[in-house]
Protein chains: 4
Amino acid sequence: MSIRVGIVGISGFGGGEALRLIASHPVFELVYAAGESSAGSRLVDRFPGVPARLAELVIAKWDPETLPPLDVLFASLPTGASAEALARVPKAVKIVDLGGDHRSVEGWAYGLADIWPDRIQGQVRVANPGCFPAATLTALAPLLADKLIEPGNIVIDVKTGISGAGRGGDSTFGYAESNENLVPYGLLKHVHMPEIARTIEQLSGGSAAGLVFTPHLVPMTRGILATIYCRGSATTGQCLNAARRFYAGRSFVRVTDRPPQTKWATGSNLAFISYAADPERNLVIAIGVVDNLGKGAAGQAVQNANLICGLPETAGLDGVPVWP
Amino acid sequence: MSIRVGIVGISGFGGGEALRLIASHPVFELVYAAGESSAGSRLVDRFPGVPARLAELVIAKWDPETLPPLDVLFASLPTGASAEALARVPKAVKIVDLGGDHRSVEGWAYGLADIWPDRIQGQVRVANPGCFPAATLTALAPLLADKLIEPGNIVIDVKTGISGAGRGGDSTFGYAESNENLVPYGLLKHVHMPEIARTIEQLSGGSAAGLVFTPHLVPMTRGILATIYCRGSATTGQCLNAARRFYAGRSFVRVTDRPPQTKWATGSNLAFISYAADPERNLVIAIGVVDNLGKGAAGQAVQNANLICGLPETAGLDGVPVWP
Amino acid sequence: MSIRVGIVGISGFGGGEALRLIASHPVFELVYAAGESSAGSRLVDRFPGVPARLAELVIAKWDPETLPPLDVLFASLPTGASAEALARVPKAVKIVDLGGDHRSVEGWAYGLADIWPDRIQGQVRVANPGCFPAATLTALAPLLADKLIEPGNIVIDVKTGISGAGRGGDSTFGYAESNENLVPYGLLKHVHMPEIARTIEQLSGGSAAGLVFTPHLVPMTRGILATIYCRGSATTGQCLNAARRFYAGRSFVRVTDRPPQTKWATGSNLAFISYAADPERNLVIAIGVVDNLGKGAAGQAVQNANLICGLPETAGLDGVPVWP
Amino acid sequence: MSIRVGIVGISGFGGGEALRLIASHPVFELVYAAGESSAGSRLVDRFPGVPARLAELVIAKWDPETLPPLDVLFASLPTGASAEALARVPKAVKIVDLGGDHRSVEGWAYGLADIWPDRIQGQVRVANPGCFPAATLTALAPLLADKLIEPGNIVIDVKTGISGAGRGGDSTFGYAESNENLVPYGLLKHVHMPEIARTIEQLSGGSAAGLVFTPHLVPMTRGILATIYCRGSATTGQCLNAARRFYAGRSFVRVTDRPPQTKWATGSNLAFISYAADPERNLVIAIGVVDNLGKGAAGQAVQNANLICGLPETAGLDGVPVWP
């Protein structure tokens with residue numbers, strides 16, 4: 001028996017990665033795809049490597065009134081567009097929203113699946129975390145839970161591949177200008193800060209007032225690495241042990257002795273975390289790595305969909321990262 | 001029931017990609033890995049994203065005398081090293097050699113799986129084609145079989161990602177020198193020419209005496225694109241139709257109306273081919289695209305292993321290409 | 001005494017490179033810059049590294065009626081836009097048009113400066129060659145002049161960095177989609193073919209009817225490499241000697257024994273050419289390398305401006321290529 | 001009258017960039033080049049774009065006993081190798097050491113040229129700062145001089161292009177493994193920390209005990225960007241004004257309102273710095289950008305050589321950055 005799923009926002013990078021994962025999923029069957037720029041074309045026209053059984057599926061113009069029978073809808077729409085677009089989707093259709101509109105909305109579970117799976121199971125509306133929160137909170141959660149760091153004094157320096165900027169045509173993301181260029185942006189006012197601060201406070205019970213968050217665009221397609229500077233007197237070993245305990249039995253978080261690299265996660269739903277501490281300086285450095293389109297978007301979304309459908313959390317997500 | 005497989009040459013790019021594919025294979029179970037530079041370390045030390053069940057497997061120093069019970073051995077050794085290394089492997093162990101030493105050796109089937117699957121089924125020794133032959137011959141085969149082009153007058157201009165150069169430490173393949181650099185090499189004397197010429201002659205029954213083959217290193221990690229200039233009076237439509245007939249019912253070759261791009265194949269075992277012809281100029285341009293580590297190496301090797309094990313040809317190879 | 005120059009199309013890559021070269025030129029003084037997207041901003045806002053003396057120059061909206069006193073105007077406008085835009089520029093203002101509109105127009109000299117400097121000296125209107133013609137014709141000219149190859153049987157396989165596509169916002173040139181992707185385009189119908197065919201015929205006196213030209217987009221910012229397959233019975237040595245004679249005393253063409261690489265030319269006005277021939281197969285391979293923004297655009301334009309202003313051809317063009 | 005200069009370590013990236021700058025220098029004349037891997041070959045064999053007048057210069061095997069008459073020697077040797085190599089160079093030969101051995105050695109001036117030109121003028125031995133110190137100290141100096149930040153509480157998160165790792169053949173710096181990979185390293189124990197701490201203390205008069213320094217390898221060839229988190233109550237405007245005062249009249253430091261990007265500096269000796277502060281959080285973020293081979297190595301070295309030779313500081317360093 002299969003579960004009928006749809007994707008809206010198939011033209012974008014998140015939607016494309018959702019397609020890739022769903023096409024190999026043992027239970028999910030893609031029966032609907034909607035897109036803006038690609039409406040009217042066949043899946044194979046936009047994704048030449050799609051399996052033959054999906055090749056002829058015609059990409060629809062999004063219209064919640066004319067959806068086919070669906071069990072789950074993956075929404076990968078620009079932040080600001082999904083709230084209205086999804087409001088009229090029938091309640092019977094479970095939704096995982098990869099966009100930013102529902103991450104602190106009543107009635108939507110926050111889909112930090114590796115940390116709070118029990119808050120997601122049985123839900124029908126899940127808001128997928130942003131890619132930056134996925135990378136940073138996975139590394140911070142064990143330290144916050146065990147009170148090894150001060151929640152109010154955290155500096156997050158994060159680096160992301162350019163697919164994180166989405167598929168818009170802005171020439172500043174053009175190859176010639178982005179290649180060989182490292183670009184800091186959104187200093188002291190990045191849109192992801194409230195989501196991260198809110199979750200730090202939930203995880204710690206304390207205030208995240210001092211949070212600093214600085215994103216940088218790096219000339220690579222995929223990958224996020226967060227270097228997080230915290231205050232605390234724990235040793236490196238205590239931090240690693242806390243993380244291993246915190247994620248014991250969880251499938252997608254790997255705690256490593258040496259600092260992780262973005263390529264370790266490419267194409268997968270894995271998160272890699274590590275720590276380096278210097279108690280003499282009251283310093284803990286946490287490092288988190290994810291694929292911004294995997295654990296940072298579509299991989300986490302499929303994991304959330306598995307949870308709300310009562311499937312094994314790892315269904316369709318056992319791919320080994322692509323190397324090199 | 002599972003099939004026990006081993007990999008020798010796990011440290012290299014071909015061996016690593018074989019590991020990735022085997023780890024997700026429904027029937028193959030990796031029970032042995034051998035490597036030079038990595039001997040003694042655990043798989044997880046070299047491949048941090050490997051599944052937990054394989055993480056602790058210790059990489060052995062290669063020794064054909066001390067192999068565990070194996071059904072299939074994938075050999076990904078430098079050309080020149082595999083002939084001797086594999087000579088003492090027990091006959092009962094099926095071998096797929098990704099290296100170049102056995103491609104015209106008595107007793108070894110030439111593993112051009114999409115074209116000659118029947119020559120591979122039932123064999124115990126298969127020599128995997130090189131990455132350049134895989135890309136070029138897949139595009140040429142239908143034209144040669146239907147006599148649409150002159151076998152003696154073919155110019156192959158091929159472009160490859162840098163992983164095709166292997167994992168040696170030569171600083172000319174270092175990032176700083178390879179990035180933003182396009183490098184032609186091996187003019188008029190590339191090692192792959194005889195393999196391609198021999199197969200053109202088998203496919204056409206004619207002489208490939210005039211063959212020209214020029215490889216170029218392109219600043220990307222994966223991917224091969226061959227632009228092949230042929231003489232013939234067929235139209236574009238006739239070439240496309242010949243290819244669609246030739247590969248009818250085959251799983252991994254996609255014939256496309258528009259010229260393929262390397263990213264279409266990334267991470268997959270797919271080959272994309274297309275044609276553009278100008279009868280007035282007696283010209284046929286054939287284009288072939290593969291992932292040099294997929295169809296050009298480990299993907300084709302797994303396909304060959306499926307064939308010699310009597311499994312469905314597509315087992316473990318249904319992954320959708322990674323995009324972007 | 002300085003020569004007052006202006007640039008129209010400063011926002012684009014060609015205009016930006018012209019700015020870079022003019023800013024270091026011993027005689028040219030930039031007194032005017034016009035652009036579309038950048039009109040109203042200061043040079044330093046668009047080019048943060050511009051010298052202090054140019055920083056405050058405000059980019060004008062293009063209007064030929066309100067030009068300041070100018071000796072030379074560099075026009076780097078999209079093909080199709082320059083014909084009209086330049087028609088009303090006063091005759092007293094010398095023009096070098098980097099765009100494609102005037103390359104076969106009465107009254108405009110064709111600025112293939114390394115080959116025909118005498119056709120450019122003393123002119124007031126020069127049409128700069130395209131980047132593909134610059135790379136290919138530089139390598140072909142000596143062979144055609146000495147009748148070492150058949151003009152009617154030439155196959156040009158050319159690879160270009162993505163800046164060659166201009167600075168448009170087309171998402172297909174976005175970093176995430178262009179990186180790790182090799183893209184053939186314009187098969188059998190590229191816009192540059194007539195320009196190349198016309199010049200081959202002028203250089204050889206024969207017909208270029210059989211010309212084949214296939215461009216490929218390569219994931220790098222700068223650089224063009226043309227691999228050219230010709231018919232002829234000359235040896236490699238004869239081709240190299242012909243080239244060394246042909247370019248004897250010329251400053252910007254380097255004839256090399258080994259095949260050139262694009263990085264050799266990066267940031268310079270140099271062209272590198274080499275040959276590999278096999279008389280037994282009646283084959284000559286010519287290779288040409290340029291920086292598409294240097295010799296392929298702004299470098300050649302400054303060289304042409306030097307010629308029409310009676311300056312040393314090398315003025316402002318003696319920069320050594322950037323490596324790595 | 002010209003000044004005779006030599007380069008030892010010509011095979012490396014720093015030596016190659018020194019060659020590029022010296023070849024265009026109005027006064028320096030390159031009369032000697034020594035290298036390890038390249039000894040015996042001509043300059044043109046290693047640098048195909050070198051000017052004709054330098055092409056035939058044969059690269060020597062380094063031997064301080066057999067130096068030709070030299071005014072200035074640029075040494076770009078691996079850290080650890082230069083102390084001994086330079087000990088026997090005649091006192092009459094001025095030396096600028098790009099390596100790390102002399103940065104806190106008696107009798108060697110520390111060549112932080114934009115900050116302490118007067119400590120360099122008239123010297124005969126100058127130790128060029130490392131690339132990381134060049135990027136970070138340029139941004140920090142004005143804040144430390146004006147006591148706008150606490151010297152004991154500075155977190156430096158720095159990102160560097162891969163040429164910073166030098167030209168060794170380590171396969172982990174190979175293109176296939178470095179591309180699409182972001183790699184943190186040297187956590188809590190990077191070799192550059194003492195040099196930065198020492199200079200912070202000289203600039204501030206306080207202790208740098210709390211210094212945190214985390215480098216990351218970014219998949220690009222050139223460029224360094226340092227994101228520096230400091231404690232202080234100044235506003236953004238106060239920081240920018242302090243920097244503009246501190247560098248008033250200096251040629252190579254650009255203070256910008258918006259955060260700089262690495263591409264702004266590519267190929268130049270410029271440093272770009274900017275600040276973003278939040279007094280409510282007692283936070284000052286300083287950002288510094290340089291080309292690791294320009295201001296971070298050879299550009300700074302030529303600037304130091306100009307100073308010790310009594311030349312204008314900007315001689316040979318007025319090149320505009322390469323864009324795109």
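Predicted model, so just to flag it, every value in this text is computed and none were measured.

A. Just the overall build of chain A, in detail. For chain A, the count of helices and strands is 10 helices and 13 strands. Taking 2.2 N^0.38 as the reference for a compact globule, 324 residues should give roughly 20 Å; the C-alpha atoms of chain A span a radius of gyration of 19 Å, in line with that estimate. By the burial criterion, 68% of the 324 residues in chain A qualify as buried. Nonlocal contacts in chain A, meaning residues at least 24 apart in sequence, comprise 71% of its contacts between residues at least 6 apart. Across chain A, the mean location of the 27 positive side-chain charges is 3 Å away from that of the 28 negative side-chain charges.

B. Just the UniProt feature "active site" (unreviewed entry) in chain A, in detail. Using the residue numbers shown here, the UniProt feature "active site" (unreviewed entry) corresponds to Cys131 of chain A. When neighbours within four sequence positions are excluded, Cys131 of chain A is seen to be in contact with His192, Ile224, Val290, Asn292 and Gly296 of chain A.

C. Representation of the interface of chain D and chain A in the model. Facing 45 residues of chain D, the contacting portion of chain A comprises 45 residues. Summing the contributions of chain D and of chain A, the shared interface buries around 3,700 Å²; its carbon and sulfur component is 61%. Area buried by chain D at its contact with chain A is led by Glu180, Leu182 and Arg281 of chain D, which between them contribute 19% of it. Taken together, the connections running from chain D to chain A amount to two salt bridges. A salt bridge links Lys159 of chain D to Asp157 of chain A; the nearest nitrogen and oxygen atoms lie 3.0 Å apart. Inspection of the chain D/chain A interface yields 28 residue pairs in polar contact (both at pLDDT 80 or more).

D. Structural detail: the relation of the copies chain B and chain D. Here chain B sits on chain D after a turn of 180 degrees about the axis and a move of 0.0 Å along it, with an RMSD of 0.0 Å. The transformation just described matches what one would write down for a two-fold rotation axis. By residue overlap, the copies meet face to face through one surface: 100% of the interface positions of chain B are interface positions in chain D.

E. Broad picture of the sheet that holds strand 12 (residues 271-278) of chain C. All names here are of chain C. Here we have seven strands laid out as an open sheet, ordered 8-9-7-10-13-12-11, and mixed in their pairing. Edge positions in the sheet fall to strand 8 (183-184) and strand 11 (253-255), since each of these pairs with one other strand and no more. Bridge analysis of strand 12 against strand 13 (residues 283-290) gives eight bridges, and the strand direction is antiparallel. Within strand 13, the position partnered with Tyr275 by the bridge is Ala286. Along the sheet, helix 6 (residues 131-145) makes contact with strand 7 (155-161), strand 9 (212-218), strand 10 (224-231), strand 11, strand 12 and strand 13, crossing strand 13 at roughly 140 degrees.

F. The relation of the copies chain D and chain A, seen in detail. Rotating chain D by 180 degrees and moving it 0.0 Å along the rotation axis overlays it on chain A with an RMSD of 0.0 Å. The overlap is high: 100% of the interface residues of chain D also sit at the interface in chain A, so the same surface is used on both sides.

G. Main features of the nonpolar core. In terms of nonpolar packing, the biggest core is built from 121 residues, with Phe28, Leu43 and Phe74 of chain B together with Leu43 and Phe74 of chain C touching the most fellow members. Not counting the four nearest positions on each side in its chain, Leu43 of chain B is found in contact with Ile10, Leu19, Leu30, Ala33, Val50, Leu54, Ala55, Leu57 and Ile59 of chain B. The next biggest cluster of nonpolar side chains, apart from the first, holds 120 residues, and it includes Val96 of chain A together with Leu19, Phe28 and Leu293 of chain D.

H. Molecular detail of the packing of aromatic side chains. Scanning all chains against the criterion turns up 30 aromatic pairs over all chains. Arranged with centres 5.5 Å apart and planes meeting at 75 degrees, the rings of Trp264 of chain B and Phe272 of chain B form a pair that is edge-to-face. When sorted by exposure, Trp264 of chain B lands in the same class as Phe272 of chain B, which is buried. Feature note: the residues Phe13 and Phe47 of chain A together with Trp323 of chain B constitute an aromatic cluster, connected by ring pairs. Between Arg119 of chain D and the ring centre of Trp116 of chain D, over which it is positioned, the NZ or CZ distance is 3.8 Å.

I. How the structure looks around the packing of helix 6 (residues 131-145) of chain B against helix 8 (residues 193-204) of chain B. Residues and elements named next belong to chain B. Where helix 6 meets helix 8, the closest approach of the two axes is 10 Å, and the angle between their N-to-C directions is 20 degrees. Accordingly, the angle class assigned to the pair helix 6 and helix 8 is roughly parallel. Helix 8 is crossed by helix 6, and the crossing has right-handed handedness. Listed contacts from helix 8 to Phe132, Pro133, Thr136, Leu137, Leu140, Ala141, Leu144 and Ala145 of helix 6 are Glu195, Ile196, Thr199, Ile200, Leu203 and Ser204. Split by residue class, the contact of helix 6 with helix 8 holds 10 nonpolar, three polar and one charged.

J. Here's a closer look at the pattern of salt bridges. Counted under the stated rule, the structure contains 68 salt bridges over all chains. When the shortest N-O distance is used, the salt bridge between Lys61 of chain C and Glu36 of chain C registers 2.9 Å. Separated by 25 residues along the polypeptide, Lys61 of chain C in the loop between helix 3 (52-55) and strand 3 (72-75) and Glu36 of chain C in the loop between strand 2 (28-34) and helix 2 (43-46) bring together distant segments of the chain. For the pair formed by Lys61 of chain C and Glu36 of chain C, the shared burial category is exposed. Arg42 of chain D is paired through a salt bridge with Glu56 of chain D; the nearest N and O atoms lie 3.1 Å apart. Here Arg42 of chain D, found in the loop between strand 2 (28-34) and helix 2 (43-46), pairs with Glu56 of chain D, found in the loop between helix 3 (52-55) and strand 3 (72-75); they are 14 residues apart in sequence, far enough to count as distant. For Arg42 of chain D, a relative accessible area of 31% translates into the label partly exposed. If you follow the salt bridges from partner to partner, you end up with Glu17, Arg20, Arg222 and Asp291 of chain A in one network.

Analysis parameters
Residues numbered from 1 in each chain as written. Chains lettered and ligands numbered in written order. Predicted model: local features only at pLDDT ≥ 70, side-chain atom pairs only at ≥ 80, totals over all residues. Heavy atoms only, no water. Helix = DSSP H or I, 4+ residues; strand = E, 2+ residues; numbered from the N terminus. Rg over C-alpha atoms; globule rule 2.2 N^0.38 Å. Buried < 20%, exposed > 50% of the residue type's maximum accessible area, 1.4 Å probe, protein only. Contact = heavy atoms within 4.5 Å. Lys, Arg positive; Asp, Glu negative; His and termini not counted. Charge placed at Lys NZ, Arg CZ, Asp CG, Glu CD. UniProt positions renumbered as here; feature names shortened; annotations may be inferred. Buried area = accessible area lost by both parts, 1.4 Å probe. Salt bridge = Lys/Arg side-chain N within 4 Å of Asp/Glu carboxyl O. Polar contact = N/O pair within 3.5 Å; in protein donor to acceptor, adjacent residues only side chain to side chain. Least-squares fit on C-alpha atoms with pLDDT ≥ 70 in both. Pairing = 2+ DSSP bridges. Axes fitted to C-alpha atoms, helices over the stretch in contact; angles between N-to-C directions. Core = buried A, V, L, I, M, F, W, Y, C linked by side-chain atoms within 4.5 Å. Phe/Tyr/Trp six-rings, centres within 6.5 Å; stacked < 30°, edge-to-face > 60°. Lys NZ or Arg CZ within 6 Å of the ring centre and 35° of its normal. Parallel < 35°, antiparallel > 145°, perpendicular 65-115°, else oblique. Left-handed = near helix turned anticlockwise from the far one by under 90°. Nonpolar A, V, L, I, M, F, W, Y, C, P; charged D, E, K, R; others polar.

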